[in-house]
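# Remarks on the overall topology
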Amino acid sequence: MIRTEHLVKSFDGRIVLNDISVEFDQGKTNLIIGQSGSGKTVLLKSIVGLHMIDSGEIYYDDVLFSGLDFKARKLIRRDVGMIFQGGALLDSSTVEENVKLPLDLFTKQSEEEKLERVNFCLRRVNLQDANGLYPAELSGGMVKRVAIARAIVMNPRYLFCDEPNSGLDPKTSVVIDNLIHEITVEYGMTTIINTHDMNSVMEIGEKIVFLHQGRKWWEGTKQDIFHTDNRELNDFVFASAMAKRAKKVTAID
Amino acid sequence: MKLFALFGNYCILMSKVFSRPEKRSIYRQRILFEIEALGLNSIGIAALISIFMGAVITLQMSINLESPFIPRYLIGYATRESMILEFSSTVVALILAGKVGSNIASEIGTMRITEQIDALEIMGVNSASYLILPKIVATVFFFPFLTILSILIGTAGGYLIAIFTGVMNPGDYIEGLMYSFKPFSIWYSLIKIAVYAFLITSISGFYGYFAQGNSLEVGRASTKAVVVSSVTILIFNLILTQLLLI
(Lines give C-alpha, C1' and ligand atoms only; values in the text may rest on other atoms or scores of the structure.)
Protein backbone atom coordinates (compact mmCIF):
# COMPACT_ATOMS: atom_id res chain seq x y z
CA MET A 1 0.00 0.00 0.00
CA ILE A 2 1.18 3.51 -0.76
CA ARG A 3 -0.34 6.58 0.84
CA THR A 4 0.13 10.29 0.43
CA GLU A 5 -1.08 12.86 2.94
CA HIS A 6 -1.57 16.54 2.13
CA LEU A 7 1.11 16.41 -0.55
CA VAL A 8 2.07 19.76 -2.05
CA LYS A 9 4.54 20.34 -4.87
CA SER A 10 5.35 23.55 -6.71
CA PHE A 11 7.81 24.63 -9.37
CA ASP A 12 9.15 28.21 -9.21
CA GLY A 13 6.27 29.25 -6.96
CA ARG A 14 3.60 27.68 -9.22
CA ILE A 15 1.66 25.02 -7.29
CA VAL A 16 1.35 21.86 -9.40
CA LEU A 17 0.03 19.47 -6.74
CA ASN A 18 -2.23 20.89 -4.07
CA ASP A 19 -3.07 18.94 -0.90
CA ILE A 20 -3.18 15.45 -2.40
CA SER A 21 -4.22 12.76 0.07
CA VAL A 22 -4.76 9.39 -1.51
CA GLU A 23 -4.23 5.69 -0.81
CA PHE A 24 -3.17 3.16 -3.43
CA ASP A 25 -4.10 -0.43 -2.61
CA GLN A 26 -1.80 -3.45 -2.64
CA GLY A 27 -2.48 -6.14 -5.23
CA LYS A 28 -4.58 -3.74 -7.29
CA THR A 29 -4.01 -1.79 -10.45
CA ASN A 30 -4.37 1.82 -9.30
CA LEU A 31 -4.78 4.43 -12.00
CA ILE A 32 -4.10 8.15 -11.91
CA ILE A 33 -6.01 9.88 -14.68
CA GLY A 34 -6.39 13.48 -15.74
CA GLN A 35 -5.85 15.92 -18.57
CA SER A 36 -2.39 16.83 -19.78
CA GLY A 37 -0.92 19.27 -17.26
CA SER A 38 -3.13 18.10 -14.40
CA GLY A 39 -0.11 16.93 -12.40
CA LYS A 40 -0.23 13.15 -12.99
CA THR A 41 3.43 12.69 -13.84
CA VAL A 42 4.54 15.10 -11.10
CA LEU A 43 2.49 13.10 -8.56
CA LEU A 44 4.00 9.82 -9.74
CA LYS A 45 7.55 11.20 -9.73
CA SER A 46 6.98 12.79 -6.30
CA ILE A 47 5.82 9.46 -4.89
CA VAL A 48 8.92 7.66 -6.19
CA GLY A 49 11.15 10.45 -4.93
CA LEU A 50 12.33 11.86 -8.23
CA HIS A 51 10.83 15.22 -7.23
CA MET A 52 11.37 16.73 -3.78
CA ILE A 53 7.97 17.64 -2.33
CA ASP A 54 7.25 20.99 -0.65
CA SER A 55 5.16 19.52 2.17
CA GLY A 56 3.05 16.52 3.05
CA GLU A 57 3.92 12.88 3.63
CA ILE A 58 4.42 9.79 1.50
CA TYR A 59 4.15 6.34 3.08
CA TYR A 60 5.28 3.02 1.61
CA ASP A 61 3.26 0.60 3.71
CA ASP A 62 4.00 2.03 7.15
CA VAL A 63 7.36 3.59 6.32
CA LEU A 64 7.44 7.36 5.99
CA PHE A 65 9.33 7.49 2.67
CA SER A 66 9.34 11.29 2.42
CA GLY A 67 11.19 11.51 5.74
CA LEU A 68 14.02 9.19 4.74
CA ASP A 69 17.51 10.27 3.73
CA PHE A 70 19.16 9.25 0.43
CA LYS A 71 20.69 6.04 1.83
CA ALA A 72 17.50 4.80 3.44
CA ARG A 73 15.52 5.60 0.30
CA LYS A 74 17.94 3.49 -1.71
CA LEU A 75 16.90 0.44 0.31
CA ILE A 76 13.22 1.01 -0.46
CA ARG A 77 14.01 1.62 -4.10
CA ARG A 78 15.27 -1.95 -4.40
CA ASP A 79 11.58 -2.85 -3.98
CA VAL A 80 10.47 -0.41 -6.66
CA GLY A 81 10.08 -1.01 -10.39
CA MET A 82 9.20 1.74 -12.80
CA ILE A 83 8.17 1.81 -16.42
CA PHE A 84 8.83 5.17 -18.01
CA GLN A 85 6.88 6.78 -20.83
CA GLY A 86 9.62 6.21 -23.41
CA GLY A 87 10.92 3.02 -21.83
CA ALA A 88 14.13 4.71 -20.61
CA LEU A 89 16.28 1.74 -21.60
CA LEU A 90 20.01 2.40 -21.58
CA ASP A 91 20.86 3.02 -25.24
CA SER A 92 24.38 1.65 -25.01
CA SER A 93 23.27 -1.68 -23.48
CA THR A 94 21.55 -4.68 -25.04
CA VAL A 95 18.16 -5.95 -23.90
CA GLU A 96 19.86 -8.56 -21.75
CA GLU A 97 22.25 -6.03 -20.18
CA ASN A 98 19.38 -3.63 -19.49
CA VAL A 99 17.34 -6.25 -17.67
CA LYS A 100 20.38 -7.68 -15.88
CA LEU A 101 21.71 -4.34 -14.59
CA PRO A 102 19.85 -4.31 -11.25
CA LEU A 103 20.95 -7.91 -10.63
CA ASP A 104 24.57 -7.00 -11.46
CA LEU A 105 24.53 -4.07 -9.06
CA PHE A 106 22.53 -5.35 -6.13
CA THR A 107 22.77 -9.13 -5.95
CA LYS A 108 25.55 -11.63 -5.41
CA GLN A 109 24.04 -14.16 -7.80
CA SER A 110 26.26 -16.08 -10.18
CA GLU A 111 26.22 -15.15 -13.87
CA GLU A 112 24.17 -18.28 -14.62
CA GLU A 113 21.55 -17.44 -12.01
CA LYS A 114 21.32 -13.89 -13.30
CA LEU A 115 20.87 -15.04 -16.89
CA GLU A 116 18.23 -17.51 -15.82
CA ARG A 117 16.31 -14.75 -14.07
CA VAL A 118 16.70 -12.38 -17.05
CA ASN A 119 15.44 -15.02 -19.46
CA PHE A 120 12.53 -15.82 -17.16
CA CYS A 121 11.49 -12.15 -17.09
CA LEU A 122 11.88 -11.79 -20.85
CA ARG A 123 9.78 -14.92 -21.41
CA ARG A 124 7.20 -13.50 -18.99
CA VAL A 125 6.76 -10.48 -21.25
CA ASN A 126 6.81 -12.67 -24.39
CA LEU A 127 10.18 -11.48 -25.58
CA GLN A 128 12.28 -14.49 -26.42
CA ASP A 129 15.38 -14.23 -28.61
CA ALA A 130 15.75 -10.47 -28.14
CA ASN A 131 18.63 -10.66 -25.64
CA GLY A 132 21.29 -9.35 -28.00
CA LEU A 133 19.27 -6.49 -29.51
CA TYR A 134 19.87 -2.82 -28.71
CA PRO A 135 16.98 -0.46 -27.83
CA ALA A 136 17.31 1.26 -31.22
CA GLU A 137 16.52 -2.07 -32.89
CA LEU A 138 13.24 -2.58 -30.99
CA SER A 139 9.68 -1.53 -31.81
CA GLY A 140 7.74 0.68 -29.36
CA GLY A 141 5.87 -2.29 -27.93
CA MET A 142 9.07 -4.29 -27.50
CA VAL A 143 10.73 -1.37 -25.68
CA LYS A 144 7.81 -1.27 -23.23
CA ARG A 145 8.06 -5.04 -22.70
CA VAL A 146 11.77 -4.83 -21.97
CA ALA A 147 11.03 -1.98 -19.56
CA ILE A 148 8.46 -4.20 -17.81
CA ALA A 149 10.97 -7.08 -17.66
CA ARG A 150 13.58 -4.76 -16.14
CA ALA A 151 11.03 -3.39 -13.68
CA ILE A 152 10.10 -6.85 -12.36
CA VAL A 153 13.52 -8.48 -12.42
CA MET A 154 14.14 -7.71 -8.72
CA ASN A 155 10.67 -8.91 -7.66
CA PRO A 156 9.48 -5.42 -6.66
CA ARG A 157 6.68 -4.76 -4.20
CA TYR A 158 5.76 -1.50 -5.86
CA LEU A 159 5.37 -0.89 -9.59
CA PHE A 160 5.00 2.55 -11.16
CA CYS A 161 4.07 3.10 -14.79
CA ASP A 162 4.18 6.52 -16.44
CA GLU A 163 1.85 6.42 -19.44
CA PRO A 164 2.83 2.89 -20.47
CA ASN A 165 0.66 3.06 -23.60
CA SER A 166 1.85 6.32 -25.07
CA GLY A 167 2.88 5.92 -28.68
CA LEU A 168 1.48 2.41 -29.00
CA ASP A 169 -1.29 1.16 -31.29
CA PRO A 170 -4.57 0.13 -29.58
CA LYS A 171 -3.91 -3.60 -29.89
CA THR A 172 -0.40 -3.41 -28.38
CA SER A 173 -1.75 -1.08 -25.67
CA VAL A 174 -4.21 -3.75 -24.58
CA VAL A 175 -1.41 -6.34 -24.50
CA ILE A 176 0.77 -4.08 -22.32
CA ASP A 177 -2.16 -3.20 -20.04
CA ASN A 178 -3.05 -6.84 -19.52
CA LEU A 179 0.57 -7.75 -18.91
CA ILE A 180 0.92 -5.11 -16.18
CA HIS A 181 -2.37 -6.20 -14.62
CA GLU A 182 -1.41 -9.90 -14.66
CA ILE A 183 1.97 -9.18 -13.09
CA THR A 184 0.33 -7.02 -10.41
CA VAL A 185 -2.00 -9.84 -9.41
CA GLU A 186 0.69 -12.51 -9.76
CA TYR A 187 3.18 -10.78 -7.45
CA GLY A 188 0.67 -8.95 -5.22
CA MET A 189 2.33 -5.62 -6.02
CA THR A 190 1.05 -2.12 -5.40
CA THR A 191 0.84 -0.83 -8.95
CA ILE A 192 0.23 2.80 -9.85
CA ILE A 193 -0.33 3.68 -13.49
CA ASN A 194 -0.46 7.19 -14.74
CA THR A 195 -2.54 7.37 -17.93
CA HIS A 196 -5.04 9.30 -20.00
CA ASP A 197 -5.92 6.27 -22.07
CA MET A 198 -9.58 5.47 -21.40
CA ASN A 199 -9.18 1.94 -22.72
CA SER A 200 -6.74 1.29 -19.86
CA VAL A 201 -9.25 2.68 -17.40
CA MET A 202 -11.96 0.34 -18.64
CA GLU A 203 -9.69 -2.69 -19.11
CA ILE A 204 -7.59 -2.81 -15.95
CA GLY A 205 -8.53 0.10 -13.66
CA GLU A 206 -9.46 -1.17 -10.22
CA LYS A 207 -8.99 2.02 -8.27
CA ILE A 208 -9.05 5.29 -10.15
CA VAL A 209 -7.92 8.70 -8.97
CA PHE A 210 -8.84 11.71 -11.10
CA LEU A 211 -6.63 14.79 -10.90
CA HIS A 212 -7.85 18.17 -12.05
CA GLN A 213 -5.86 21.41 -11.84
CA GLY A 214 -3.40 19.83 -9.43
CA ARG A 215 -6.04 18.60 -6.99
CA LYS A 216 -7.55 15.20 -6.33
CA TRP A 217 -10.97 15.75 -7.86
CA TRP A 218 -12.50 12.28 -7.62
CA GLU A 219 -11.68 8.69 -6.74
CA GLY A 220 -13.54 5.44 -7.17
CA THR A 221 -13.80 2.29 -9.30
CA LYS A 222 -14.34 2.05 -13.04
CA GLN A 223 -18.00 1.11 -12.41
CA ASP A 224 -18.45 4.30 -10.39
CA ILE A 225 -17.35 6.37 -13.38
CA PHE A 226 -20.55 5.53 -15.25
CA HIS A 227 -22.73 6.78 -12.43
CA THR A 228 -20.86 9.84 -11.23
CA ASP A 229 -22.20 13.34 -11.74
CA ASN A 230 -18.74 14.91 -11.34
CA ARG A 231 -18.78 17.32 -14.27
CA GLU A 232 -15.01 17.61 -14.79
CA LEU A 233 -14.58 13.84 -14.70
CA ASN A 234 -17.44 13.32 -17.15
CA ASP A 235 -16.02 15.99 -19.47
CA PHE A 236 -12.67 14.23 -19.38
CA VAL A 237 -13.74 10.59 -19.63
CA PHE A 238 -16.68 11.00 -21.98
CA ALA A 239 -15.18 13.66 -24.19
CA SER A 240 -16.04 11.96 -27.48
CA ALA A 241 -19.60 11.47 -28.81
CA MET A 242 -19.05 7.71 -28.89
CA ALA A 243 -18.04 7.64 -25.24
CA LYS A 244 -21.10 9.72 -24.32
CA ARG A 245 -23.35 7.19 -26.07
CA ALA A 246 -21.55 4.35 -24.27
CA LYS A 247 -22.22 6.05 -20.93
CA LYS A 248 -25.92 6.43 -21.72
CA VAL A 249 -26.22 2.76 -22.70
CA THR A 250 -24.36 1.63 -19.56
CA ALA A 251 -26.46 3.88 -17.32
CA ILE A 252 -29.70 2.47 -18.85
CA ASP A 253 -28.40 -1.11 -18.41
CA MET B 1 25.96 35.13 -7.78
CA LYS B 2 24.95 32.73 -10.55
CA LEU B 3 28.58 31.65 -10.83
CA PHE B 4 28.67 30.74 -7.13
CA ALA B 5 25.44 28.75 -7.45
CA LEU B 6 26.87 26.94 -10.47
CA PHE B 7 30.09 26.15 -8.61
CA GLY B 8 28.09 24.99 -5.58
CA ASN B 9 26.04 22.62 -7.72
CA TYR B 10 29.24 21.35 -9.35
CA CYS B 11 30.74 20.61 -5.90
CA ILE B 12 27.57 18.83 -4.76
CA LEU B 13 27.59 16.71 -7.93
CA MET B 14 31.26 15.84 -7.41
CA SER B 15 30.55 14.74 -3.85
CA LYS B 16 27.91 12.38 -5.30
CA VAL B 17 30.30 11.22 -8.03
CA PHE B 18 33.02 10.34 -5.53
CA SER B 19 30.76 8.57 -3.04
CA ARG B 20 31.23 4.82 -2.51
CA PRO B 21 30.42 2.83 -5.69
CA GLU B 22 27.64 0.23 -5.57
CA LYS B 23 29.76 -2.64 -6.87
CA ARG B 24 33.41 -2.26 -7.79
CA SER B 25 33.45 -5.00 -10.43
CA ILE B 26 30.77 -3.20 -12.47
CA TYR B 27 32.75 0.04 -12.24
CA ARG B 28 35.92 -1.73 -13.41
CA GLN B 29 34.09 -2.93 -16.51
CA ARG B 30 32.73 0.54 -17.16
CA ILE B 31 36.20 2.11 -16.75
CA LEU B 32 37.60 -0.26 -19.38
CA PHE B 33 34.70 0.60 -21.68
CA GLU B 34 35.33 4.34 -21.19
CA ILE B 35 39.08 3.97 -21.77
CA GLU B 36 38.22 2.59 -25.18
CA ALA B 37 35.45 5.11 -25.91
CA LEU B 38 37.17 8.26 -24.65
CA GLY B 39 40.87 7.35 -24.74
CA LEU B 40 41.72 4.87 -27.47
CA ASN B 41 39.29 6.53 -29.87
CA SER B 42 41.12 9.85 -29.37
CA ILE B 43 44.53 8.53 -30.38
CA GLY B 44 43.92 9.26 -34.07
CA ILE B 45 43.06 12.94 -33.67
CA ALA B 46 45.85 13.52 -31.12
CA ALA B 47 48.42 11.84 -33.38
CA LEU B 48 47.29 13.67 -36.52
CA ILE B 49 47.42 17.09 -34.92
CA SER B 50 50.71 16.38 -33.16
CA ILE B 51 52.61 15.33 -36.30
CA PHE B 52 51.50 18.44 -38.18
CA MET B 53 52.13 20.71 -35.21
CA GLY B 54 55.65 19.32 -34.68
CA ALA B 55 56.37 19.81 -38.38
CA VAL B 56 55.00 23.37 -38.42
CA ILE B 57 56.91 24.40 -35.27
CA THR B 58 60.15 23.13 -36.86
CA LEU B 59 59.43 24.98 -40.09
CA GLN B 60 58.54 28.22 -38.31
CA MET B 61 61.61 28.03 -36.08
CA SER B 62 63.96 27.34 -38.97
CA ILE B 63 62.57 30.28 -40.93
CA ASN B 64 62.55 32.72 -38.00
CA LEU B 65 65.81 31.70 -36.33
CA GLU B 66 67.96 32.01 -39.41
CA SER B 67 70.98 33.81 -37.99
CA PRO B 68 74.70 32.99 -37.90
CA PHE B 69 74.64 33.78 -34.15
CA ILE B 70 72.00 31.15 -33.31
CA PRO B 71 73.04 27.49 -33.47
CA ARG B 72 70.74 25.37 -35.71
CA TYR B 73 70.29 22.67 -33.12
CA LEU B 74 68.21 25.15 -31.08
CA ILE B 75 65.39 24.52 -33.56
CA GLY B 76 65.17 20.89 -32.37
CA TYR B 77 65.42 22.12 -28.79
CA ALA B 78 62.60 24.66 -29.26
CA THR B 79 60.38 22.10 -30.97
CA ARG B 80 60.89 19.64 -28.12
CA GLU B 81 60.20 22.25 -25.44
CA SER B 82 57.11 23.57 -27.25
CA MET B 83 55.72 20.07 -27.58
CA ILE B 84 56.43 19.01 -24.00
CA LEU B 85 55.61 22.20 -22.15
CA GLU B 86 52.51 23.40 -23.96
CA PHE B 87 51.37 21.63 -27.05
CA SER B 88 51.14 17.98 -25.93
CA SER B 89 49.32 18.89 -22.73
CA THR B 90 47.42 22.16 -23.12
CA VAL B 91 46.67 22.27 -26.85
CA VAL B 92 45.87 18.54 -26.97
CA ALA B 93 43.58 19.07 -23.94
CA LEU B 94 41.79 21.92 -25.74
CA ILE B 95 41.21 19.65 -28.71
CA LEU B 96 40.04 16.83 -26.46
CA ALA B 97 37.71 19.26 -24.66
CA GLY B 98 35.96 19.63 -28.01
CA LYS B 99 35.90 15.96 -28.90
CA VAL B 100 35.49 14.21 -25.55
CA GLY B 101 33.70 17.05 -23.71
CA SER B 102 30.91 17.38 -26.25
CA ASN B 103 30.62 13.59 -26.40
CA ILE B 104 30.19 13.27 -22.63
CA ALA B 105 27.79 16.22 -22.27
CA SER B 106 25.56 15.09 -25.13
CA GLU B 107 25.57 11.44 -24.02
CA ILE B 108 24.65 12.20 -20.41
CA GLY B 109 22.31 15.04 -21.45
CA THR B 110 20.40 12.71 -23.76
CA MET B 111 20.20 10.16 -20.95
CA ARG B 112 18.74 12.88 -18.73
CA ILE B 113 16.00 14.03 -21.12
CA THR B 114 15.04 10.46 -22.08
CA GLU B 115 14.66 9.58 -18.38
CA GLN B 116 17.46 6.99 -18.44
CA ILE B 117 19.06 8.74 -15.45
CA ASP B 118 15.71 8.68 -13.60
CA ALA B 119 15.50 4.96 -14.37
CA LEU B 120 18.90 4.42 -12.75
CA GLU B 121 17.87 6.45 -9.70
CA ILE B 122 14.69 4.42 -9.33
CA MET B 123 16.76 1.23 -9.33
CA GLY B 124 18.66 2.67 -6.36
CA VAL B 125 21.78 3.41 -8.41
CA ASN B 126 23.86 6.51 -7.66
CA SER B 127 23.50 7.72 -11.24
CA ALA B 128 26.08 10.51 -10.94
CA SER B 129 28.74 8.09 -9.77
CA TYR B 130 27.72 5.32 -12.15
CA LEU B 131 27.85 7.59 -15.22
CA ILE B 132 30.57 10.13 -14.46
CA LEU B 133 33.13 8.41 -12.20
CA PRO B 134 34.25 5.77 -14.76
CA LYS B 135 34.72 8.53 -17.34
CA ILE B 136 36.84 10.62 -14.94
CA VAL B 137 39.00 7.64 -13.94
CA ALA B 138 39.39 6.55 -17.57
CA THR B 139 40.49 9.97 -18.85
CA VAL B 140 42.75 10.84 -15.90
CA PHE B 141 44.45 7.48 -16.39
CA PHE B 142 44.62 7.47 -20.18
CA PHE B 143 45.12 11.08 -21.28
CA PRO B 144 48.74 11.14 -19.96
CA PHE B 145 49.47 8.34 -22.45
CA LEU B 146 48.03 10.54 -25.19
CA THR B 147 50.38 13.33 -24.10
CA ILE B 148 53.43 11.04 -24.24
CA LEU B 149 52.31 9.83 -27.65
CA SER B 150 51.79 13.41 -28.78
CA ILE B 151 55.32 14.39 -27.66
CA LEU B 152 56.85 11.46 -29.54
CA ILE B 153 54.83 11.98 -32.71
CA GLY B 154 55.26 15.78 -32.64
CA THR B 155 59.03 15.61 -32.39
CA ALA B 156 59.02 12.90 -35.08
CA GLY B 157 57.00 15.29 -37.27
CA GLY B 158 59.73 17.91 -36.88
CA TYR B 159 62.37 15.37 -37.80
CA LEU B 160 60.45 14.27 -40.89
CA ILE B 161 59.97 17.84 -42.11
CA ALA B 162 63.69 18.44 -41.62
CA ILE B 163 64.44 15.45 -43.85
CA PHE B 164 61.85 16.07 -46.54
CA THR B 165 62.20 19.84 -46.94
CA GLY B 166 65.85 20.21 -46.07
CA VAL B 167 65.18 23.31 -43.94
CA MET B 168 67.76 22.02 -41.51
CA ASN B 169 70.17 19.20 -40.97
CA PRO B 170 68.38 16.23 -39.28
CA GLY B 171 71.52 15.63 -37.23
CA ASP B 172 71.27 19.15 -35.77
CA TYR B 173 67.61 18.52 -35.04
CA ILE B 174 68.41 15.33 -33.07
CA GLU B 175 71.17 17.15 -31.20
CA GLY B 176 68.66 19.85 -30.26
CA LEU B 177 66.16 17.26 -29.04
CA MET B 178 68.73 15.95 -26.59
CA TYR B 179 70.11 19.34 -25.57
CA SER B 180 69.59 20.42 -21.93
CA PHE B 181 66.76 17.97 -21.29
CA LYS B 182 65.00 18.27 -17.92
CA PRO B 183 62.95 15.18 -17.01
CA PHE B 184 60.72 17.32 -14.77
CA SER B 185 59.29 18.93 -17.91
CA ILE B 186 57.68 15.59 -18.74
CA TRP B 187 56.22 15.32 -15.23
CA TYR B 188 54.96 18.89 -15.52
CA SER B 189 53.22 18.01 -18.75
CA LEU B 190 51.71 14.81 -17.35
CA ILE B 191 50.44 16.54 -14.19
CA LYS B 192 48.82 19.21 -16.35
CA ILE B 193 47.06 16.74 -18.64
CA ALA B 194 45.79 14.72 -15.66
CA VAL B 195 44.27 17.89 -14.17
CA TYR B 196 42.82 18.87 -17.55
CA ALA B 197 41.35 15.38 -17.98
CA PHE B 198 39.54 15.75 -14.66
CA LEU B 199 38.29 19.22 -15.60
CA ILE B 200 37.06 18.23 -19.06
CA THR B 201 35.23 15.13 -17.85
CA SER B 202 33.74 16.55 -14.67
CA ILE B 203 32.62 19.83 -16.26
CA SER B 204 31.12 18.07 -19.28
CA GLY B 205 29.47 15.51 -17.02
CA PHE B 206 28.04 18.36 -14.93
CA TYR B 207 26.48 20.14 -17.90
CA GLY B 208 25.10 16.89 -19.31
CA TYR B 209 23.75 15.73 -15.96
CA PHE B 210 21.77 18.91 -15.41
CA ALA B 211 20.49 19.27 -18.98
CA GLN B 212 16.75 19.82 -19.10
CA GLY B 213 14.08 19.96 -21.74
CA ASN B 214 14.67 18.77 -25.26
CA SER B 215 17.38 18.10 -27.84
CA LEU B 216 18.04 21.84 -28.20
CA GLU B 217 18.98 21.98 -24.54
CA VAL B 218 21.30 19.00 -24.95
CA GLY B 219 23.01 20.88 -27.78
CA ARG B 220 23.34 23.95 -25.57
CA ALA B 221 24.69 21.84 -22.69
CA SER B 222 27.25 20.33 -25.05
CA THR B 223 28.38 23.75 -26.29
CA LYS B 224 28.60 25.13 -22.74
CA ALA B 225 30.60 22.09 -21.66
CA VAL B 226 33.19 22.69 -24.39
CA VAL B 227 33.42 26.45 -23.81
CA VAL B 228 33.65 26.23 -20.01
CA SER B 229 36.10 23.31 -20.15
CA SER B 230 38.33 25.23 -22.58
CA VAL B 231 38.33 28.43 -20.52
CA THR B 232 39.01 26.46 -17.33
CA ILE B 233 41.91 24.67 -19.01
CA LEU B 234 43.47 28.03 -19.94
CA ILE B 235 43.05 29.35 -16.40
CA PHE B 236 44.51 26.18 -14.87
CA ASN B 237 47.38 26.30 -17.36
CA LEU B 238 48.37 29.61 -15.85
CA ILE B 239 47.90 28.41 -12.26
CA LEU B 240 49.80 25.14 -12.76
CA THR B 241 52.65 26.84 -14.60
CA GLN B 242 52.98 29.30 -11.74
CA LEU B 243 52.86 26.52 -9.15
CA LEU B 244 55.09 23.97 -10.86
CA LEU B 245 57.66 25.90 -12.85
CA ILE B 246 58.20 29.19 -11.05
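## Some words on the sheet that holds strand β10 (residues 215–220) of chain A
All names here are of chain A. Across the sheet, which stays open at both edges, the 6 strands sit in the order β6-β7-β8-β3-β9-β10 with mixed pairing between neighbours. One side of each edge strand has no neighbouring strand; the edge strands of this open sheet are β6 (80–83) and β10. Within this sheet the neighbouring strands show an average axis-to-axis angle of 20 degrees, counted without direction. Here helix α5 (residues 140–152) sits on the sheet in contact with β6 and β7 (158–162), set at roughly 170 degrees to β6.

## Some details on the domain arrangement of chain A
All names here are of chain A. Entries for chain A in the domain assignment read domain 1 (1–79 + 159–220) and domain 2 (86–155). If you average the C-alpha positions of domain 1 and of domain 2, the two centres end up 23 Å apart. Each side of the interface is counted separately: domain 1 has 11 residues, and domain 2 has 10 residues. If you tally residues by element for the side of domain 1 that touches domain 2, the top one is helix α6 (residues 170–187), at 6 residues. For the side of domain 1 that touches domain 2, the per-class residue count stands at 8 nonpolar, 2 polar and 1 charged.

## Some thoughts on the interface of chain A and chain B
Facing the 15 residues of chain A at the interface are 13 residues of chain B. Residue assignment for the side of chain A that touches chain B shows that the elements contributing at least two residues are α2 (70–77), β6 and α3 (95–106) of chain A. Counting residues per element, the side of chain A that touches chain B draws most heavily on α3(A), at 4 residues.

## A few points about the pairing of β7(A)
Residue and element names in this part refer to chain A. Across the 5 residues of β7, 5 count as buried, placing the element largely inside the fold. In this structure, β6 lies alongside β7, joined through 4 bridges in parallel fashion. When the bridges of β7 are listed, M82 appears paired with F160. Sheet analysis places β7 next to strand β8 (residues 190–194), joined by 5 bridges and oriented parallel. Looking at the pairing, D162 lines up with N194 of β8.

## Re the environment of A:M202
Residue and element names in this part refer to chain A. Structurally, M202 is set in helix α7 (residues 198–204). Residue M202 is classed as partly exposed on the basis of its 15 C-beta neighbours within 10 Å. Distance from M202 to H227, taken between C-alpha atoms, is 14 Å for residues 25 residues apart in sequence.

## Observations regarding the packing of helix α4 (residues 73–113) of chain B against helix α6 (residues 127–165) of chain B
Helix packing geometry: the angle between the two helix axes and the distance between the axes. Residue and element names in this part refer to chain B. Relative to each other, α4 and α6 sit at 145 degrees, their axes nearing to 8 Å. Crossing angle aside, the handedness with which α4 passes α6 is right-handed. Partitioning the contact of α4 with α6 into residue classes produces 12 nonpolar, 10 polar and 2 charged.

Cut-offs applied
- Throughout this document, residue positions are counted from 1 along each chain, in the order its sequence is written.
- Numbering of ligands from 1 and lettering of chains from A proceed in the order in which they are written.
- It should be noted that, the model being predicted, local features are given only for residues of pLDDT at least 70 and side-chain atom pairs only at 80 or more, the latter also being counted only at that level, while totals for whole chains, interfaces and linings use all residues.
- Only when DSSP finds a minimum of two bridges between them are two strands counted as paired.
- Note on conventions: DSSP H or I runs of at least 4 residues are helices, E runs of at least 2 residues are strands, and numbering of each starts at the N terminus.
- Axis angles are defined between N-to-C directions and span 0 to 180 degrees, where every axis is a line fitted to C-alpha atoms and, for a helix, only to the segment in contact.
- What counts as a contact is two residues whose backbone-derived C-beta atoms lie within 7 Å of each other.
- Each domain span listed reflects an automatic or database assignment of domains.
- Throughout this entry, Asp, Glu, Lys and Arg are counted as charged residues, while Ala, Val, Leu, Ile, Met, Phe, Trp, Tyr, Cys and Pro are counted as nonpolar. The remaining residues, Gly among them, count as polar.
- Exposed residues have 12 or fewer other C-beta atoms within 10 Å of their own C-beta, buried residues have 20 or more, and partly exposed residues fall in between, where C-beta atoms are placed from the backbone.
- Rotating anticlockwise by less than a right angle from the far helix to the near helix defines a left-handed crossing, while the corresponding clockwise rotation defines a right-handed one.

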